[in-house]
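The lines below spell out each chain.
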Amino acid sequence: MARWCYRHRLVVLLLWVEALVGVGFSASSAGTNYANVFSLPDTDSKTAYDLMEKAFPNTSGDTDTVVWKADSGSVTDQAVEDRVQPALDKIAKLPGVGAVTSPYAGARGSAQISKDGTIAYAQLTFTKRANEIPKEQVQKVLDTAQAAERDGLQVEVGGQAIQRVQEPPQGLSEMVGIIAAAVVLFLAFGSFFAMTLPIAIAVFGVGMGLFSTQLLSHTTDIPDIAPLLASLIGLGVGIDYALFIVTRHRRGILRGMDPEESAVTALNTSGRAVLFAGGTVCIALAGMLVTRLAFLQGVVIATSLTVVLSVLAATTLLPALLGFLGPRVLSRRQRRRLAAEGPEPERASGLAARWSANVEKRPRRIAALAVVVMAVLAIPVFSLRLGATDQGNDDASTTTRKAYDLLAEGFGPGFNGPLQVVSVGGDTARLVQGLKSTPGIAQVAELPSSQGVTVIQVVPTTSPQSKETDDLIDTLRDQVIPKAGAEAHVGGVTAVSKDFASVTGDRLPLFIATIITLGFLLLLVAFRSLVVPLTAAVMNLIAAAASFGVLVAVFQWGWGLDLLGLGKEGPINAFLPVIMLSLLFGLSMDYQVFLVSRMHEEWVHTKDNARAVRVGLAETSRVINSAALIMVCVFLAFVLSGDSGAATAGVGLAAAVALDAFILRTALVPAAMHLLGNSNWWLPAWLDKRLPHLAVEPRETPAPEQAAGPAGPAGPATAIHGFVRTPDGEPVEEASVTLMSKGGRQLDRVTSLADGSYIVSVPEPGSYLLAVASSSYGSKARHVTVAEGPVVYDVELTGDEVDAVS
């Protein structure tokens, strides 16, 4: 497939462009229909909502609030009323608004004015939930309300619908993430063209994923945070997967391979690893389904679809783009050096090699230090409290946060999260009296009944996010309502959030067990070892604990929130642990696969655990760290999204990836594998026989091709030998002769003697790459196939050009 895409690159590119434009046009025409389905079947808050929707169809939608404050005098002054009331009358006539309750109308209006008379509010009840109301309608409500503002009169609007229209422009965080990733890629590759490849793959994959998700929102419930999370994970994996393949391709060209052969080999090796890695991410995301939370099902659809499309772009579009670039995927300096010095030998050098050797020398010290760092970062996780953020967590400059603070100032902190006790039978009067005498309740208001349903609005004395409010809801359900003998249910946004957090917390252990078990089984089959997947499972749990510790410290304790401009501290959104664990598990599996697959390859060849771990870490740590740095940049950019859920997920995932790549995979995992020794690769014989064979990367030596030189006498393959000469037959002394696998792995390297002769050892029959280079006579690389016995192959260096493999 890679070869076909490479050779038909124009067709492949046009197909992708047409698909992106077509799906984008369809999505733009259809619009969006995202739905945040937080309510859960068989919960008290869902029953309360269903009863209200049936009895009060025009007032069961979300309620927003217009709140105003007079700097001098009272809000009941005629001048203030003449400014505000016409605006409220106009809002009541706007599309999507079911009712407006003004403090200036009726006997009950005085309850909507603070005791000191400086703050008042009006309730706007929409006919639908906030996510179902078009943003254009909500914007008209906001503009109409704020038009009443003047000097000395502050007017603010709060609520979920208003919160949606004050978000920053879509695409800002994605653009910042792409720019940051481009900088890292340019520093890693040193080539503008190579830098653009992973960016292009990510743009196509994420673009197709987001447009497809937008279309799917019309057929199933997909929450409005799903596109943000999909673009967050899509950009990360899309850039990383392309990075792994392009790195392998560049290495092949530097080893003397023809660009087409190098691209095919890169896709047939690293491309297969990308397929495996993408599959593990999708499996991890699908693990969210075991929670049976409707809200998360839409997240699974959006994120999994984007990952699949990113993998598809990396395995089809990328080889086509590699065909357009050819050798220009290398930097100019690399191309000049290749022409002057010939193919490079494969060796790990520099900081990566020195660090790998250091880990081998001091595994206990490095492992202990890594464990201490992760343990300290994990300490805050014991204070984790799940809940839901609201306007009180918004940035202080937003109208929703100002409205929230004004209501808390005028009517108490619990006013921003009223509870709705929905009664359908029993002694309602006794229930109202019981509610009024319950500690922790500031106000109780019984609304007119409809169809046998009575709604009692209860205002707690504490804020919606406080633990005391959670305890109050339990008290109402378990004691107050049963004692009154009423058939009633506690609803409202605060109660829904509490129920969602409770159900999520109850199902979290099952979810964690599911994804850890899936990861264990996948690595067990891939590496045929019990210890490697067990180590990976423990590392995943350590990474999760440390990253959630960072989340609690930042978002729950408020450390650094002002620096990030993310508003006020509060509980962690209940859905975030499940989403973050899924993504963390998938990304950790990626890094584990790329790291351990190289170690496993070396172990199979040498049966030397110390060498396998040292070589695997030295050769993969740089690309893993580069990939992690890119993901950290992309994830942190989502702080700019304006969505608290996406910002929290971005910070949490950035911390998780950084800790996983820079501490766990670079230090703790290799140190632990050095300490465990050969037991890393232990697998009982009976289990080995029953496990299916799964190769993450295929053998690099394909089926034998036509030999480039005559075969010697029959017998085991032992060597390739011959002479290096000029076109005139003169011997070339001290020419570098390197034998490599088709994937670019160096197998042997020698220098020709005075008579031009050389001999390199061959491990087994197969097809190899023989690269010959001389500073005086240029370089040449050819495929040589060895069957049974030594092969004689003479090389002629022409003098001034690089003769690429055909």
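Residues numbered from 1 in each chain as written. Predicted model: local features only at pLDDT ≥ 70, side-chain atom pairs only at ≥ 80, totals over all residues. Heavy atoms only, no water.

Draft legend 1. Structural detail: the overall build of the protein chain. The helix and strand tally for the protein chain stands at 24 helices and 19 strands. Here the C-alpha coordinates of the protein chain stretch approximately 110 × 50 × 40 Å along the principal axes. Taking all 806 residues of the protein chain together, 56% fall into the buried category. The contacts of the protein chain with a sequence gap of at least 6 include a subset with a gap of at least 24, amounting to 77%. Of the charged side chains in the protein chain, 62 are positive and 72 negative; the average position of the first set lies 4 Å away from that of the second. (Helix = DSSP H or I, 4+ residues; strand = E, 2+ residues; numbered from the N terminus. Buried < 20%, exposed > 50% of the residue type's maximum accessible area, 1.4 Å probe, protein only. Contact = heavy atoms within 4.5 Å. Lys, Arg positive; Asp, Glu negative; His and termini not counted. Charge placed at Lys NZ, Arg CZ, Asp CG, Glu CD.)

Draft legend 2. The arrangement of a nonpolar patch on the surface in detail. On the surface, M175, I179, V183, F186, L187, F192 and F193 cluster together into a nonpolar patch covering about 730 Å² of accessible area. Broken down by secondary-structure element, the contributors of at least two residues to the nonpolar patch are α7 (172–189) and α8 (192–216). Structurally, F193 is set in helix α8. (Patch = residues over 30% accessible without salt bridge, like charges linked within 9 Å, V, L, I, M, F, W, Y side chains within 5 Å. Areas by Shrake-Rupley, 256 points an atom, 1.4 Å probe, with all protein chains shown as cover. Salt bridge = Lys/Arg side-chain N within 4 Å of Asp/Glu carboxyl O.)

Draft legend 3. Layout of the state of the cysteines. Per the stated rule, a full pass over the model turns up 0 disulfides. Unpaired in terms of disulfides, C282 finds its nearest cysteine sulfur in C5, a separation of 20 Å. (Disulfide = S-S within 2.5 Å.)

Draft legend 4. Representation of the pairing of strand β11 (residues 719–725) within the structure. Pairing geometry for β11 and strand β14 (residues 757–761), over 5 bridges, is antiparallel. Bridge pairing in β14 places I720 opposite V760. One ladder, built from 2 bridges, connects β11 with strand β17 (residues 791–792); its direction is parallel. Considered in β17, the bridge of I720 is made with V791. Pairing analysis gives 2 bridges linking β11 to strand β18 (residues 795–796), with the strands arranged parallel. From the neighbouring strand, R725 faces β18, where its bridge partner is E796. (Pairing = 2+ DSSP bridges.)

Draft legend 5. Local environment of the sheet that holds strand β2 (residues 97–101). Within the open sheet, the 4 strands sit side by side as β2-β3-β1-β4. Their pairing is antiparallel. Unpaired on one side and paired on the other, β2 and β4 (153–158) mark the two borders of the sheet. Direction aside, neighbouring strands of the sheet carry axes that sit 20° apart on average. The sheet contact formed by strand β1 (residues 63–70) and β4 spans 6 bridges and is antiparallel. What sits directly across from V66, in β4, is V157. (Axes fitted to C-alpha atoms, helices over the stretch in contact; angles between N-to-C directions.)

Draft legend 6. How the structure looks around helix α23 (residues 644–676). Largest kink in α23: about 50°, centred on L664. With respect to burial, α23 is a largely interior element, 28 of its 33 residues being buried. Looking one or two residues past α23, G677 carries a phi angle of roughly 65°, positive in sign. (Bend = angle between axes of the 7 residues up to and from the residue.)

Draft legend 7. Up close: the nonpolar core. Within the largest apolar cluster, 151 residues are counted, with the highest numbers of intra-cluster contacts made by Y241, M288 and F635. Not counting chain neighbours up to four residues away, the residues in contact with Y241 comprise V274, A277, G278, V281, V311, A314 and D590. V80, I91, V155 and V165 belong to the second largest nonpolar core, which has 27 residues in total. (Core = buried A, V, L, I, M, F, W, Y, C linked by side-chain atoms within 4.5 Å.)

Draft legend 8. Quick look at the side chain of S231. Take S231: it is sitting in helix α9 (residues 226–254). At 2.9 Å, the side chain of S231 and the backbone oxygen of L228 are in polar contact. The contact partners of S231, leaving out residues within four places of it in the chain, are E174, V206, L210 and F638. (Polar contact = N/O pair within 3.5 Å; in protein donor to acceptor, adjacent residues only side chain to side chain.)

Draft legend 9. A look at the pattern of salt bridges. Counted according to the given criterion, the structure contains 14 salt bridges. With a closest N to O distance of 2.7 Å, R7 and E260 form a salt bridge. Of this pair, R7 sits in helix α1 (residues 2–7) while E260 sits in helix α10 (residues 259–286); the two residues are 253 residues apart in sequence, bridging distant segments of the chain. In this structure, R614 and E360 form a salt bridge, with 3.1 Å as the shortest nitrogen-oxygen distance. One end of the pair, R614, is in helix α22 (residues 609–636); the other, E360, is in helix α13 (residues 351–361), and 254 residues separate them in sequence. A residue is classified by how much of its surface remains accessible, and R614, at 26% relative accessible area, is partly exposed. For E360, a relative accessible area of 29% corresponds to the partly exposed category. Several salt bridges converge on common partners, so that one network encompasses R3, R7, E260 and E261.

Draft legend 10. Broad picture of the packing of α9 against α22. The N-to-C vectors of α9 and α22 enclose an angle of 155°; their axes lie 9 Å apart at closest approach. With respect to their mutual orientation, α9 and α22 come out roughly antiparallel. Along this stretch, α9 crosses α22, giving a crossing that reads as right-handed. Contacts from L232, I233, L235, G236, V237, I239, D240, L243, F244 and T247 in α9 reach V623, S626, A627, A628, I630, M631, V634 and F635 in α22. Along the lines of polarity and charge, the residues of the contact of α9 with α22 split into 14 nonpolar, 3 polar and 1 charged. (Parallel < 35°, antiparallel > 145°, perpendicular 65-115°, else oblique. Left-handed = near helix turned anticlockwise from the far one by under 90°. Nonpolar A, V, L, I, M, F, W, Y, C, P; charged D, E, K, R; others polar.)

Draft legend 11. Layout of unusual backbone geometry. In this structure, Q451 is a non-glycine residue whose phi angle is positive, near 55°. Structurally, Q451 can be placed in the loop between β7 (441–446) and β8 (454–460). Accessibility expressed as a relative area gives 61% for Q451, which makes it exposed. Of note, the phi angle at R528 is positive, near 50°, even though the residue is not glycine. Take R528: it is sitting in the loop between α18 (493–527) and α19 (531–556).

Draft legend 12. View of the pairing of strand β9 (residues 487–491). For β9, a buried count of 4 out of 5 residues is recorded, marking the element as mostly surrounded by other parts of the structure. Relative to β9, strand β6 (residues 419–425) is paired through 5 bridges, and the arrangement is antiparallel. When the sheet's bridge partners are listed, G425 is paired in β9 with E487.

Draft legend 13. Local environment of the sheet that holds β9. Strand order in the open sheet formed by 4 strands is β7-β8-β6-β9, with antiparallel pairing between adjacent strands. In this open sheet, the two strands that pair with only one neighbour each are β7 and β9. The average undirected angle you get between the axes of adjacent strands in this sheet is 20°. Pairing of β6 with β8, which is carried by 5 bridges, proceeds in the antiparallel orientation. Paired with S423 across the two strands is T454, which belongs to β8.

Draft legend 14. Main features of the side chain of N680. Turning to its location among the elements, N680 is positioned in the loop between α23 and α24 (685–690). A polar atom in the side chain of N680 sits 2.8 Å from the backbone oxygen of G677. The contacts of N680, once residues within four sequence positions are left out, are S529, V531, V532, N609 and M673.

Draft legend 15. Highlighting the packing of aromatic side chains. Enumeration according to the criterion identifies 8 aromatic pairs in this entry. Relative to F411, the ring of Y121 has its centre 5.1 Å away and its plane inclined at 90°; by these criteria the two rings are edge-to-face. Linking Y121 in strand β3 (residues 119–126) with F411 in helix α15 (residues 399–411), this pair joins segments that are 290 residues apart in sequence. Taking the relative accessible area as the measure of exposure, Y121 reaches 6% and is therefore buried. Taking relative accessible area as the criterion, F411 reaches 12% and is therefore assigned buried. Ring centres of W603 and W681 lie 5.7 Å apart, and the angle between their planes is 20°; on these two criteria the pair is classed as stacked. Remark: W681 occurs in the loop between α23 and α24 and W603 occurs in helix α21 (residues 576–606); sequence separation between them is 78 residues. Since its relative accessible area comes to 11%, W603 is described here as buried. Classification of W681 by relative accessible area gives buried; the value is 9%. Among the aromatic residues, those joined into a cluster by ring pairs are Y121, F411 and F415. Of note, R9 hangs over the ring of Y6, and the distance from its end group to the ring centre comes to 5.4 Å. (Phe/Tyr/Trp six-rings, centres within 6.5 Å; stacked < 30°, edge-to-face > 60°. Lys NZ or Arg CZ within 6 Å of the ring centre and 35° of its normal.)

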